[in-house]
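# Observations on the three-dimensional arrangement
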Amino acid sequence: MCGMARESSLTDEEQPVLLLHPHWKTLIRPILIAVLVVAVVLVAEVIPSGALTRAAIGVVAVLVLMVLLIVPLLRWRTTTYELTTKRLRTRYGIVTRRGRDIPLTRINDVSFEKGLLDRLLGAGRLVVESAGEHGQIVLTDIPHVEYVQATLFRLVEDEQRRLERDQRNQP
């Protein structure tokens with residue numbers, strides 16, 4: 001569920017807690033479409049036709065598979081959600097990388113939603129309310145969403161307690 005590699009963009013006091021990709025269920029549709037494309041190509045290959053037609057069908061099938069299977073796979077692989085002891089980080093994008101960091105001190109509420117399929121597969125939607133200009137961030141297809149929600153809530157509480165302790169200890 002989590003892989004921890006020390007990244008240079010973390011501060012000295014910051015430790016990684018969870019590193020997640022979207023749930024594997026996001027790949028179900030592309031895989032089913034790929035199977036359908038392969039089945040259509042196999043049927044087309046059985047029908048008598050010229051070598052040029054068969055080659056054209058093969059080339060089109062490879063291009064369709066690349067677009068319908070490789071792009072979603074890359075999107076899944078390059079999307080990460082990371083919880084650290086100081087912030088929630090999101091990173092996504094294949095060619096153009098985008099990211100958002102929310103300090104734990106700005107998080108007001110953390111909730112989750114799980115539909116029937118999500119409950120069966122162990123995924124869900126995480127909704128994070130934060131103080132600031134963007135307000136709310138919704139992370140879809142989070143694996144083990146209840147555990148992630150509880151962990152994030154615990155980290156927020158720990159950070160708030162630490163800040164309160166620091167304020168009391170100041171002269």
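Residues numbered from 1 in each chain as written. Predicted model: local features only at pLDDT ≥ 70, side-chain atom pairs only at ≥ 80, totals over all residues. Heavy atoms only, no water.

### Here's the deal with the sheet that holds strand β4 (residues 98–103)
Cut-off, in case you're wondering: When DSSP finds two or more bridges between a pair of strands, those strands are recorded as paired. Helical segments are the DSSP runs of H or I of at least four residues, strand segments are the runs of E of at least two, and each set is numbered from the N terminus. Note on method: axes are straight lines fitted to C-alpha atoms, helices fitted across the in-contact stretch only, with angles between N-to-C directions ranging 0 to 180 degrees. Residues are treated as being in contact if the distance between any of their heavy atoms lies within 4.5 Å.
Read across the sheet, four strands follow the order β1-β2-β3-β4 without closing on themselves; strand pairing throughout is antiparallel. At either end of the open sheet lies a strand with only one pairing partner, and these are β1 (16–20) and β4. Looking at each pair of strands side by side, their axes are set apart by 10° on average, direction ignored. When strand β3 (residues 87–92) meets β4, the two strands line up antiparallel, connected through six bridges. Following the sheet pairing, R89 is matched in β4 by D101. Helix α4 (residues 145–169) rests against β1, β2 (80–84) and β3 of the sheet, and its axis sits at about 150° to β1.

### Considering the sheet that holds strand β5 (residues 107–113)
Where strands meet in a sheet, backbone hydrogen bonds hold them as pairs that are either parallel or antiparallel. Pairing in this open sheet of three strands is antiparallel, and the strands run β5-β6-β7 from one edge to the other. Strand pairing shows two members of the sheet lacking a second neighbour, β5 and β7 (136–143), which therefore form its edges. Sheet twist, expressed as the average angle between the axes of neighbouring strands with direction ignored, equals 20°. As paired strands, strand β6 (residues 123–130) and β7 are joined by six bridges and run antiparallel to one another. Bridge pairing in β7 places E129 opposite Q136. Together, β5, β6 and β7 form the strand contacts of α4, whose direction differs from that of β5 by roughly 170°.

### Structural notes on the side chain of T79
Under the convention used in this document: The cut-offs for exposure are 20% and 50% of the maximum accessible area for each residue type, with area from a 1.4 Å probe on protein chains only; residues under the lower value are buried, those over the upper are exposed, and the others partly exposed. Any pair of N or O atoms that falls within 3.5 Å is considered a polar contact. Within protein, one atom must be able to donate a hydrogen and the other to accept it, and sequence-neighbouring residues count only if both atoms are side-chain atoms.
Looking at where T79 falls in the secondary structure, it is placed in the loop between α2 (51–78) and β2. Exposure remark for T79: the relative accessible area of 10% places this residue in the buried category. In terms of polar contacts, T79 uses its side chain to reach the backbone carbonyl oxygen of R75, at 2.7 Å.

### Regarding α4
Stated precisely, the cut-off is as follows: To estimate how far a helix should extend, the number of its residues minus one is multiplied by 1.5 Å.
Helix length check: α4 (25 residues) gives 36 Å between terminal C-alpha atoms against 36 Å at 1.5 Å per residue, within 8%. Inspection of α4 places V145, V148, Q149, T151, L152, L155, V156 and E159 among the buried residues, and these make up the whole buried set. Buried positions along α4 lie against β1, β2, β3, β5, β6 and β7.

### Concerning the packing of helix α1 (residues 28–46) against α2
Let me state the cut-off plainly: Here is the rule for angles: anything less than 35 degrees is roughly parallel, anything more than 145 is roughly antiparallel, 65 through 115 is roughly perpendicular, and the remaining ranges are oblique. Gly falls in the polar group here, along with every residue not listed as nonpolar (Ala, Val, Leu, Ile, Met, Phe, Trp, Tyr, Cys, Pro) or charged (Asp, Glu, Lys, Arg).
In the contact formed by α1 and α2, the axes pass within 9 Å of each other and the chain directions differ by 175°. Between α1 and α2, the angle is such that the two are roughly antiparallel. Contact residues: P30, I31, I33, A34, V37, V38, V41, A44 and E45 in α1; R54, I57, A61, V64, L65, L68, L69 and P72 in α2. Of the residues in the contact of α1 with α2, the class split is 15 nonpolar, no polar and two charged.

### Quick look at the pattern of salt bridges
What counts here: By definition, a salt bridge exists where a carboxyl oxygen of Asp or Glu is found within 4 Å of a side-chain nitrogen of Lys or Arg.
In this structure the tally under the stated criterion is 13 salt bridges. One salt bridge in this structure joins D101 and R87, with 2.6 Å as the shortest N-O distance. Placement of the pair is D101 in strand β4 and R87 in strand β3, with a sequence separation of 14 residues. Relative accessible area serves as the criterion here: at 31%, D101 is assigned to the partly exposed category. In this structure R87 comes out as buried when scored by relative accessible area, which is 16%. A salt bridge links R162 to E159; the shortest N-O distance between them is 2.7 Å. On the criterion of helical spacing, the pair formed by R162 and E159 is a turn pair, its members being three residues apart in helix α4. With a relative accessible area of 26%, R162 lands in the partly exposed category. Judged by relative accessible area, E159 falls into the buried class, the value being 7%. Here the salt bridges do not stand alone but share partners, grouping E14, R87, R91 and D101 into one network.

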